[in-house]
Structure formats: C-alpha cells, structure tokens
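Given next are the chains, with one letter for each unit.
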Amino acid sequence: AWNAKQLATNPDWVYHLTANDLEELNKCLAICRDIPTEKITKNTFPLQQLKTSIETRFTDQLENGIGTLLIKGIASDKYSKLDLAKLLWGIGLYFGTAVSQSVAGELLHQVKDDGYDLQDPRARGTNTKAKLPFHNDPCDVAVLMGVSSAQSGGDSQIVSSVAIHNAMLENYPNLLAQLYAPYYSEPLKVF
C-alpha cells in the first residue's frame, strides 16, 4: 500500500536505461527492422542484459513490490513511430504474452485524440479528449510508452489497489463483502 507522496520519494519503481541497455535495444531493433511489429518474437528481439533485469528486478517489483514500474531513457524524438512500436513490443515480450483489450483485437493501440465524441460507436476513451476515470485493465501487466505530450491534459495516474482496499476497510467495511465476491468477466483473447 502506498500513496502518491510515498511513491514520489521512492526510487525503487524507476529504472533509468543505461547506455548498454540502449545499445542492446538498438541492436534488437536493427535485427527486426523488416519484421512486422506483432510478428516480432523473443528470438528476433534477443535481449540479454535487459532481459535479466526484466526477469528478476522488474518482475519482482511488479509482483512483490510497489506493483508499478517506470522505465526511462528512450528518446522518442530519435526514433520513428514504427521503431517506437517495435521497441515497446520487444520489451513487452519479456513481461508476458500480449492480449487484446479491444473488440477489434488490436494488440498495440495508440492513445490520442482522434476527434471522436464519446457517443460515436468508433469512440474509445483512448481516442477522444474525454478524461478517463480510474480503471483497471483486464491483464496482469499493462505496458505503456509515452511518446509525446498532449497540449493539455493527457496525464496518466496510477493508484495502489492495496491502499484503496485498506481505505475501504477503515471507512466502508460493509462494502468489502461485495469486493471479495466473485464476478463474471469475459475471457481475454490471446493472440
């Protein structure tokens, strides 16, 4: 359980890519240059040094630590959008299996205002300028990459579900039975 002030002063959840990490990522990018993004595999994006960090420190932080991780150091202005997608996909491969979170079955999704109104059937919260409320994604790990800042808004916020649980226990214990009850969810499609 943590709050924003505690998170802001805790360096454990932030990893700054080293020069060696970036060199390794660039080598992987060169290897998979002609491969469509979603066809890239661990074999065609062969991380070694960074793989060790992901499989030990990073996953431990996600599973047993704070539950979130911020990786810094990829200069988005030095890569094309396609290369950034390949970097995100390649790194994500080492965190788990990609699953779709949309009815369209897309495994990578760009978050940007496409001018849709929320009543438009093509609209998702992520392609409008509407503020999204706190929510959880139906997966174990969500991997996001910030490429450019919005002119206004566009901030991502995270919250500790354990801290929410503890606040409910203290302030609304009568609601915990419902929180603990089973609920139905559509199964995820794994591609």
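The rules behind these values
- Residues numbered from 1 in each chain as written.
- Predicted model: local features only at pLDDT ≥ 70, side-chain atom pairs only at ≥ 80, totals over all residues.
- Heavy atoms only, no water.
- Helix = DSSP H or I, 4+ residues; strand = E, 2+ residues; numbered from the N terminus.
- Buried < 20%, exposed > 50% of the residue type's maximum accessible area, 1.4 Å probe, protein only.
- Contact = heavy atoms within 4.5 Å.
- Areas by Shrake-Rupley, 256 points an atom, 1.4 Å probe, with all protein chains shown as cover.
- Lys, Arg positive; Asp, Glu negative; His and termini not counted.
- Charge placed at Lys NZ, Arg CZ, Asp CG, Glu CD.
- Salt bridge = Lys/Arg side-chain N within 4 Å of Asp/Glu carboxyl O.

**Quick word on the overall build of the protein chain**
Right, so step 1: The number of helices and strands found in the protein chain is six helices and two strands.
Right, so step 2: Considered along the principal axes of its C-alpha atoms, the protein chain spans approximately 55 × 40 × 35 Å.
Right, so step 3: Out of the 191 residues in the protein chain, the part that is buried amounts to 26%.
Right, so step 4: Nonlocal contacts in the protein chain, meaning residues at least 24 apart in sequence, comprise 63% of its contacts between residues at least 6 apart.
Right, so step 5: Split by element, the accessible area of the protein chain, about 13,800 Å² in all, is 53% carbon and sulfur.
Right, so step 6: Charged side chains of the protein chain number 17 positive and 21 negative; the gap between the two group centres comes to 4 Å.

**Some thoughts on the pattern of salt bridges**
Right, so step 1: Applying the stated criterion to the full structure yields two salt bridges.
Right, so step 2: Between Arg33 and Asp83 there is a salt bridge; the shortest N-O distance is 2.9 Å. Of this pair, Arg33 sits in the loop between α2 (19-31) and α3 (49-64) while Asp83 sits in helix α4 (residues 81-93); the two residues are 50 residues apart in sequence, bridging distant segments of the chain.
Right, so step 3: Taking relative accessible area as the criterion, Arg33 reaches 42% and is therefore assigned partly exposed.

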